[in-house]
Amino acid sequence: MKASARVVVEHRRGRSRCTTLVSAPPLSFRATDEALHLVGTAAGPVGGDDLSLEVTVAAGASLTVRSVAAQLVLPAPSPAPSTLRTTVEVGPGATLRWRPEPTVLVRGADHRLTTTVALAADADLVWRDEVVQGRHAEAGGSLLHRFRVERDGVPLLCTELALGPAWPTAAGPAGTGAAGVVTSLLLVGAPARAALAHDGGAGGSSDSHTRWASFPLSSDAVLVSAVGADLDTTRAVRPEHCPWE
């Protein structure tokens, strides 16, 4: 399947309005007063799918993106990966809160993600990404996620996440270990300033079930990464004032 979706939010008449909303299964969106929700109108991504998503938050506008349920990434009958390219632009004085439910890698799935975010110098961002290896009592699939964030045209974060059988070295002690859940939270602008004011600079902790670390990227940008046995415990180990939920 080949599908694309496009979202444009603009600030008009004192409020943020979705002026463009083009969806195609499985990338279907429904707008509510509180957020734009990704709705599962078809199974997927499925191996072989070629998907693309464009999101623009224009100057002064605000957008929250959520989903109604976790997204299941499924294998194909033939060994073909699924791909999703997400391109995001957040304009001057604009705010984006990207907070969907987790991505679940079903056994045998092979998923390739490329995410590019371009921020204006004074844009605010909350970007949450959660990946779960497999359904209940199931081995997980594979994922390669390349994530790039630029701020005012200058790279702020360039990172890559590899998981699953297709990338066996990523499960070593310097990687995710035996963790079933990998999460990250990127805060830029006002959300980062609030978190850093309470929690300070770099930090981290680990126990037999979870590991997390906080990485200040600038005076008003911070990345929090965590790996753990399950979603609840992984979310619970975040720094106290980071808005994980």
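Everything quoted here is computed from the prediction, not taken from an experiment.

Asks: Even after reading the chapter, I still don't get the packing of aromatic side chains, so can you show me in this structure?
Replies: Two aromatic rings, taken as a pair, are described by how far apart their centres are and by the angle between their planes. As enumerated under the stated definition, the model contains 2 aromatic pairs in all. Relative to W127, the ring of W98 has its centre 4.5 Å away and its plane inclined at 0°; by these criteria the two rings are stacked. Taken together, the residues span a long stretch of sequence, with W98 in strand 9 (residues 95-98) and W127 in strand 12 (residues 124-133) at a distance of 29 residues. Taken together, the ring pairs in this structure connect W98, W127 and F147 into an aromatic cluster.

Asks: How do you make sense of the nonpolar core when you look at a structure like this?
Replies: Within the largest apolar cluster, 46 residues are counted, with the highest numbers of intra-cluster contacts made by L63, L96, W127 and L186. Leave out the neighbours within four places in its chain, and W127 touches V88, L96, W98, T115, V117, F147, S184, L185 and L186. By size, the runner-up hydrophobic cluster in this structure holds 10 residues, among which are V126, L187, V222 and A226.

Asks: How should I be thinking about the pairing of strand 3 (residues 28-31) in this particular structure?
Replies: For a regular strand, side chains alternate in direction, first toward one face of the sheet and then toward the other. By the bridge criterion, 4 bridges tie strand 3 to strand 4 (residues 36-39) in an arrangement that is antiparallel. In the strand pairing of strand 4, S28 is matched with V39. As consecutive antiparallel partners, strand 3 and strand 4 are separated by 4 residues.

Asks: I would appreciate a short explanation of the pattern of salt bridges in the present structure.
Replies: Any two side chains of opposite charge can pair if their charged atoms end up close together. With the rule as written, the count across this model stands at 10 salt bridges. Measuring nitrogen to oxygen at the nearest pair gives 3.3 Å for the salt bridge that ties E10 to R12. Exposure remark for E10: the relative accessible area of 25% places this residue in the partly exposed category. Overall, R12 belongs to the partly exposed group, its relative accessible area being 43%. Among the salt bridges present, the one from D50 reaches R85, with a minimum N-O distance of 2.8 Å. Within this pair, whereas D50 is found in strand 5 (residues 50-57), its partner R85 is found in strand 8 (residues 82-90), the two being separated by 35 residues in sequence. Judged by relative accessible area, D50 falls into the partly exposed class, the value being 23%. R85 gets classed as partly exposed once you look at its relative accessible area, which sits at 38%. Put simply, R151, R193 and D220 are held in one network by salt bridges that share partners.

Asks: Even after reading the chapter, I still don't get the side chain of S67, so can you show me in this structure?
Replies: When you line up the elements, S67 lands in strand 6 (residues 62-67). For S67, a relative accessible area of 10% translates into the label buried. There is a polar contact of 3.3 Å between the side chain of S67 and the backbone oxygen of A69. Setting aside residues no more than four positions away along its own chain, S67 makes contact with H37, L38, P100 and E101.

Calculation notes
For every chain, the first residue of the written sequence is number 1, and numbering continues from 1 onward in sequence order. pLDDT decides what is reported in this predicted model: residues at 70 or higher carry local features, side-chain atom pairs at 80 or more are listed and counted, and totals for whole chains, interfaces and linings draw on all residues regardless. For side-chain calculations, the full set of non-hydrogen atoms in the structure is used, while hydrogens and water are omitted. Here a Phe, Tyr or Trp ring, Trp counted by its six-membered ring, pairs with any other such ring whose centre lies within 6.5 Å, and the pair is stacked when the planes are under 30 degrees apart, edge-to-face when over 60, and tilted otherwise. Helical segments are the DSSP runs of H or I of at least four residues, strand segments are the runs of E of at least two, and each set is numbered from the N terminus. Residues belong to one nonpolar core when they are buried, are Ala, Val, Leu, Ile, Met, Phe, Trp, Tyr or Cys, and are joined through side-chain atoms within 4.5 Å. Throughout this description, buried means an accessible area under 20% of the type-specific maximum (1.4 Å probe, protein chains only), exposed means over 50%, and partly exposed covers the range between. Residue contacts follow a heavy-atom distance rule, with two residues in contact if any of their heavy atoms lie within 4.5 Å. The rule for pairing is simple: two strands pair if DSSP sees at least two bridges between them. Salt bridge criterion: a side-chain nitrogen from Lys or Arg within 4 Å of a carboxyl oxygen from Asp or Glu. For the purposes of these results, a polar contact is taken to be a pair of N or O atoms within 3.5 Å, where, inside protein, one atom must be able to donate a hydrogen and its partner to accept one; residues adjacent in sequence count only when each atom of the pair is a side-chain atom.

This is a description of form; function is not addressed.
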